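Architecture and fold: a report
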Amino acid sequence: MNTLNAREAETLRIVKDTTLTHEQAMMKLSKLAEQYVHVFPLPEDFQRLVETRQICDLGEGFVPYAPRYILPDYEKLLESGCKFLRLDPPTNLFEAISALEIFYHHVPSVTHFPVFIGKLDKLLDRFITDENEAEAKVLIKSFLRHIDRTIDDSFCHANIGPEATRAGKLILEAELELQDAIPGLTLLYDPEITPDDFATDCVRTALRCAKPSFADHKTYSQQYTGDYGIASCYNALPIGGGSYSLTRMLLKNVAVDAHDKQDFFARSLPHAVAVMCEFMDSKVKFLVEEASFFRSNFLITEGFVDPDRFTAMFGVVGLCECVNLLMEKQGIEGRFGHSDIADQLGVEVMEALEALVAAHENPYCKAFGNRFVLHAQVGIDSDFDTSPGARIAIGEEPPLYDHLKQAGLYHRFFPSGVGDIFPFDTTAARNPESILDIIKGALKVGLRYFSTYSSDSDVIRITGYLVKRSDIEKLDAGTPVSQDTVVLGLGSVKNGHVLERKVRSL
Amino acid sequence: MITAPVNHIIPQSCVDGPGNRSVVFFQGCNFNCRYCHNPETIHQCQNCGLCVAGCPTGALSTENGLVSWQEELCVGCDSCLRACPHGSSPRVSMLSTDQVMARVAENMPFIRGITVSGGECSLYHAFVAELFTKARALGLGTLMDSNGSYDFSADPQLLALCDGVMLDGKAFDPQAHLALTDASNQMVLQNAVFLARQNKLQELRTVVALGLPNEETVVGFARLLAPHLTRGDVLYKLIRYRASGVRTCYSAQLATPPMAEMERLRGLRLFKHQHCIRKKPLLPKALAFGGSGFFMGWERSACETAGGSDRWRF
């Protein structure tokens, strides 16, 4: 089939697909256009590395027109309003929620939905008093429902904490009642700031609706100048900025390309990093210099984001399979997560990668010292035999404490996000304080991000984002569902064995 | 060097005291509870060797007249337990406190403390005191899960090292207790009051089964303790009997109570000032308990409890 016919066929496939909503079809059609136009130069050997799946652009396409992840300064919206949207600074909870809902509609991202909707507790708490708390609960619940039903993509993420606030508690209560996948939620957790009773409430909520997750606030708050937020799956990025792009390296396939371990470190890995960095340079340059966003979008012109607070994310996936393959190539027994030699090799790979990425300068990445920032990418629905980021493969999880200590070896390599998921059985789920003990221990052994849900939750974490099991079942039976992440969830359930993740007992 | 027979150590438990804890189970008990669901922990191994031949993986052998168990070969099929005529287990190791602590320390920093259980932990009180000293040095909490047969009032050193005792209130009536456990409950009742007054009663537990005087036990313990609860919260946990693991010679005497019976016991009105919180709010505000010497209220929190038990709070 020639190219034109292939494009027509793909277009027809989209418009005839009865499992797609109107909005999903529209977005897929727009994605098609982004694949067909090439506006920035591609590095030499890029095509081969894409075809051998060493590098993957995560469907960003070749004509970037907005940053992938934007974390607007919502404080500014509350303090000064927004001229472009003709919003005055809100004076009460109702107006604040309304202003945010309006604003969200205008925040671009790779999915066209906002991936960061703010530190919701801090944004709203100022408007809650003893007198209006009952009303606040109703408003917050309807606000969150509005988000779930209009932002049809669970890469939309809100933050709470580290302090306990009235708004934070109301958000947890509402999430328990709503049982919705959207938004994703993270507690910026610092055991020295966050009271145990609030953290326990967060665990209790997480066990019933898979959110919030727990981020190591102490570490994350030190890695960028200024404030940070957790966006999309678990991406730690500067507020008032974000990330231009996320391109990922499939480490296993880089190992496939290598003759042996020595060749991997001496040739395959440095080469793949060099090509990927050049590709990212080229894409970012176009986005910043030529696309309209950084010149005319109201987020820029009104200062909701600052070009100096952006970087680009260098994603990594499949460390586990990479290490296992390199072990095989050396003829040494032992698998990632089960052998000190393998785990140490994993550290070696990450140290090499960290040094290579840190050696590459990009003038547009001022938020991270003119460097790209490493990210443990969670995978995509079509990945096969590729574990997210630096995670141990599903089905091979070691006992809980061993698993946590192993994960703790790798989280420090990923300033812009990494995470592991530990579902618990229902007995453990009845004892959230025990799980909080484990989370505290996890932070001590180096984890930066801990997610949990219970074996009987409807809302579950797929790899980084949330989906309702009941929606996956509906979609699997051919019924359209409004949230596009359900499609990804279904793929990950089939290819990534997400439902077979080891459930922990206590 | 003190050693004690240890049946097993579990690295993580959320049902043996507050938070996540490692639990040390000793071998040997001075009670013979009809409803015991791990009766193989009651007696010491007699080295009769009857279990050895039935071991499918060769984990058991006899050396110099003693049964020896190789943990790394064991698959946990329990055929040795079924073969044992003495209500014991060959899978027991004599361990020093250092050996136990080495196993416990592997579980840090994920645990907030250790709990010693059984069998009956107080049979090894000197060992427990030494173990608790070492656990505390690592910053770990220390709890005992005891049948209450040991005179805690005579061992202030142990009590000072122990954060609290989770005490079994198996039966309030002396005859009922004797029939259930082959042992007197005089010391148990004395301990309940003593520990409550010392603020060392971490939790009181009663197994509820058809065939036992449940109401009398619950009412009896509640009335006994009420005047002494001057120092804060005590949890009263009602555990629903289940037949799993119970010796067949006793299992006919007892039956799992219907949920309605658990509900009825929970709903007993024992005190003028008692109030029962029927449904725990999802995110309760801090509830004020204790300090007054009688039931301020009792909290029903089935959603928070472990393994089908119900808890009340004095």
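You'll find the structure just up there.
Quick look at the structure, then. Bear in mind that the values here come from a model prediction, so they are computed numbers and not experimental data.

With that settled, consider the overall build of chain A. Of the regular secondary structure elements, chain A holds 21 helices and 15 strands. Computed over C-alpha atoms, the radius of gyration of chain A comes to 22 Å, within 12% of the 23 Å expected from 2.2 N^0.38 for 506 residues, which places it in the range of a compact globule. With respect to the three principal axes, the spread of C-alpha positions in chain A is 70 × 55 × 50 Å. A burial count over chain A gives 60% of its 506 residues as buried. Of all intrachain contacts in chain A linking residues separated by at least 6 positions in sequence, the fraction that spans at least 24 positions is 78%.

Turning next to helix H9 (residues 259-266) of chain B. For H9(B), the set of buried residues is B:Glu261, B:Met262, B:Leu265 and B:Arg266. All buried residues of H9(B) fall inside an arc of 140° around its axis, so they share one side.

A few words now on the sheet that holds strand E13 (residues 449-451) of chain A. Residue and element names in this part refer to chain A. A sheet is described by the order of its strands in space; here six strands give the open sequence E3-E4-E5-E6-E13-E12, paired in mixed fashion. Looking at strand neighbours, the two that pair on one side only are strand E3 (116-119) and strand E12 (420-421), the edges of this open sheet. Here four bridges tie strand E4 (residues 157-160) to strand E5 (residues 184-189), and the two strands are oriented parallel to one another. The residue of E5 that forms the bridge with alanine 158 is leucine 185.

With that settled, the discussion passes to the nonpolar core. Formed by 239 residues in total, the largest nonpolar core has its most connected members in A:Phe314 and A:Leu353. Ranked by residue count, the leading element in this core is helix H12 (residues 261-289) of chain A, at 13 residues. Sequence-distant contacts of A:Leu353, that is, excluding residues within four places in its chain, are made with A:Met249, A:Leu251, A:Leu269, A:Val273, A:Phe314, A:Val316 and A:Leu374. B:Cys51, B:Val52, B:Ala59 and B:Leu60 belong to the second-largest nonpolar core, a separate cluster that totals nine residues.

Bringing the interface of chain B and chain A into the picture now. Residue-level contacts link 25 residues of chain B with 26 residues of chain A. Roughly 2100 Å² of surface becomes buried between chain B and chain A when both sides are summed, with 55% attributable to carbon and sulfur atoms. The tally of links between chain B and chain A comes to one salt bridge. Measuring nitrogen to oxygen at the nearest pair gives 2.7 Å for the salt bridge that ties B:Arg112 to A:Asp437. In this assembly, chain B and chain A are joined by seven residue pairs in polar contact (both at pLDDT 80 or more). Per-class residue counts for the side of chain B that touches chain A are 14 nonpolar, eight polar and three charged.

Residue and element names in this part refer to chain A. Inspection of the entire model under this criterion finds 28 aromatic pairs over all chains. Relative to phenylalanine 279, the ring of phenylalanine 40 lies with its centre 5.8 Å away and its plane at 55°, an arrangement referred to as tilted. Taken as a pair, phenylalanine 40 in the loop between helix H2 (22-36) and helix H3 (46-51) and phenylalanine 279 in helix H12 lie far apart in primary sequence, 239 residues in all. Across the pair, exposure class does not vary: phenylalanine 40 and phenylalanine 279 are buried alike.

Glancing now at the packing of helix H5 (residues 93-104) of chain A against helix H7 (residues 133-150) of chain A. Residues and elements named next belong to chain A. Where H5 meets H7, the axes come as close as 10 Å, and the angle between the chain directions of the two elements is 5°. Judged on the interaxial angle alone, H7 and H5 are roughly parallel. Contacts between H5 and H7 pair Leu93, Phe94, Ile97, Leu100, Glu101 and Tyr104 from the former with Ala136, Leu139, Ile140, Phe143, His146 and Ile147 from the latter.

Glancing now at the layout of surface pockets. All names here are of chain A. For the largest pocket, the calculated volume is near 1500 Å³. Lys28, Lys31, Leu58, Gly59 and Leu488 are the residues nearest the centre of the largest pocket, which is lined by 48 residues in total. Every element with two or more residues in the lining of the largest pocket is listed here: helix H1 (3-16), H2, H3, strand E1 (55-56), strand E11 (373-376) and helix H21 (485-496). The element contributing the most residues to the lining of the largest pocket is H2, with six residues. Broken down by class, the residue content of the lining of the largest pocket amounts to 24 nonpolar, 13 polar and 11 charged.

Turning our attention to the side chain of A:Asp484. Residues and elements named next belong to chain A. As for its placement among the helices and strands, aspartate 484 is situated in the loop between helix H20 (469-476) and H21. No salt bridge is formed by the buried aspartate 484, whose closest oppositely charged neighbour, lysine 28, lies at an N-O distance of 8.4 Å. Leave out the neighbours within four places in its chain, and aspartate 484 touches Gln24, Phe113, Asp152 and Asp153.

So, on to unusual backbone geometry. Residue and element names in this part refer to chain A. For the peptide bond that leads from lysine 211 to proline 212, omega is 5°, which places it in the cis range. With respect to the element layout, proline 212 can be found in the loop between helix H9 (196-209) and strand E6 (213-216). Located in the positive-phi region is aspartate 385, a residue other than glycine, with phi close to 55°. With respect to the helices, strands and loops of the structure, aspartate 385 is situated in the loop between E11 and helix H17 (400-407). For aspartate 385, a relative accessible area of 43% translates into the label partly exposed.

We now examine the state of the cysteines. Residue and element names in this part refer to chain B. Applying the stated criterion across every chain yields a total of zero disulfides over all chains. Note on cysteine 249: no disulfide assigned, nearest cysteine sulfur contributed by cysteine 36 at a separation of 11 Å. Owing to a relative accessible area of 55%, cysteine 249 belongs among the exposed residues under this scheme.

The subject of this paragraph is a nonpolar patch on the surface. Residues and elements named next belong to chain A. A surface patch of nonpolar side chains, amounting to about 240 Å² of accessible area, comprises Leu12, Val15 and Leu29. Here leucine 29 lies in helix H2. Overall, leucine 29 belongs to the partly exposed group, its relative accessible area being 31%.

All names here are of chain A. Considering the arrangement of structural elements, one finds histidine 112 in the loop between H5 and E3. Separated by 40 residues in sequence, histidine 112 and aspartate 152 place their C-alpha atoms 9.8 Å apart. Dropping the residues within four chain positions of it, histidine 112 is found in contact with Met27, Ser30, Glu34, Tyr65 and Val107.

This next bit is on the pattern of salt bridges. In total, this model carries 44 salt bridges over all chains according to the counting rule given. As a salt-bridge pair, A:Lys218 and A:Asp190 come within 3.8 Å of each other at their nearest N and O atoms. Of this pair, A:Lys218 sits in helix H10 (residues 217-220) while A:Asp190 is found in the loop between E5 and H9, placing the two residues 28 residues apart along the sequence. With a closest N to O distance of 2.9 Å, B:Arg205 and B:Asp145 form a salt bridge. Of this pair, B:Arg205 sits in strand E9 (residues 201-208) while B:Asp145 sits in strand E7 (residues 141-146), and the two are 60 residues apart along the sequence. According to the relative accessible area criterion, B:Arg205 is buried, its value standing at 9%. Taken together, the shared-partner salt bridges connect A:Asp45, A:Arg48, A:Asp257, A:Asp263 and A:Arg267 into one network.

Turning our eyes to something else, we now look at empty space enclosed by the protein. All names here are of chain B. Under the counting rule described, the total for this entry stands at five cavities of 30 Å³ or more. In this structure, the largest cavity is lined by 16 residues; those nearest its centre are Cys45, Cys48, Cys51, Cys84 and Pro90. Looking at the lining of the largest cavity, its residues break down into 10 nonpolar, six polar and no charged. If you add up the space inside the second largest cavity, you get close to 80 Å³. Lining of the second largest cavity is provided by 14 residues; of these, Cys55, Cys74, Cys77, Cys80 and Arg91 occupy positions nearest its centre.

All names here are of chain B. In terms of burial, E9 is largely enclosed, as seven of its eight residues are buried. As paired strands, strand E8 (residues 164-168) and E9 are joined by four bridges and run parallel to one another. The residue of E9 that forms the bridge with aspartate 168 is arginine 205. As judged from the six bridges shared by E9 and strand E10 (residues 235-240), these two strands associate in the parallel manner. Looking at the pairing, valine 208 lines up with arginine 240 of E10.

Cut-offs and rules
Residues numbered from 1 in each chain as written. Chains lettered and ligands numbered in written order. Predicted model: local features only at pLDDT ≥ 70, side-chain atom pairs only at ≥ 80, totals over all residues. Heavy atoms only, no water. Helix = DSSP H or I, 4+ residues; strand = E, 2+ residues; numbered from the N terminus. Rg over C-alpha atoms; globule rule 2.2 N^0.38 Å. Buried < 20%, exposed > 50% of the residue type's maximum accessible area, 1.4 Å probe, protein only. Contact = heavy atoms within 4.5 Å. Arc of directions from axis to C-beta. Pairing = 2+ DSSP bridges. Core = buried A, V, L, I, M, F, W, Y, C linked by side-chain atoms within 4.5 Å. Buried area = accessible area lost by both parts, 1.4 Å probe. Salt bridge = Lys/Arg side-chain N within 4 Å of Asp/Glu carboxyl O. Polar contact = N/O pair within 3.5 Å; in protein donor to acceptor, adjacent residues only side chain to side chain. Nonpolar A, V, L, I, M, F, W, Y, C, P; charged D, E, K, R; others polar. Phe/Tyr/Trp six-rings, centres within 6.5 Å; stacked < 30°, edge-to-face > 60°. Axes fitted to C-alpha atoms, helices over the stretch in contact; angles between N-to-C directions. Parallel < 35°, antiparallel > 145°, perpendicular 65-115°, else oblique. 1 Å grid on protein atoms, 1.4 Å probe; cavity = no way out; pocket = protein on both sides within 12 Å on 5 of 7 lines; lining within 4 Å. Points joined across faces, edges and corners; volume = space filled by probe spheres on them. Lys, Arg positive; Asp, Glu negative; His and termini not counted. Disulfide = S-S within 2.5 Å. Patch = residues over 30% accessible without salt bridge, like charges linked within 9 Å, V, L, I, M, F, W, Y side chains within 5 Å. Areas by Shrake-Rupley, 256 points an atom, 1.4 Å probe, with all protein chains shown as cover.

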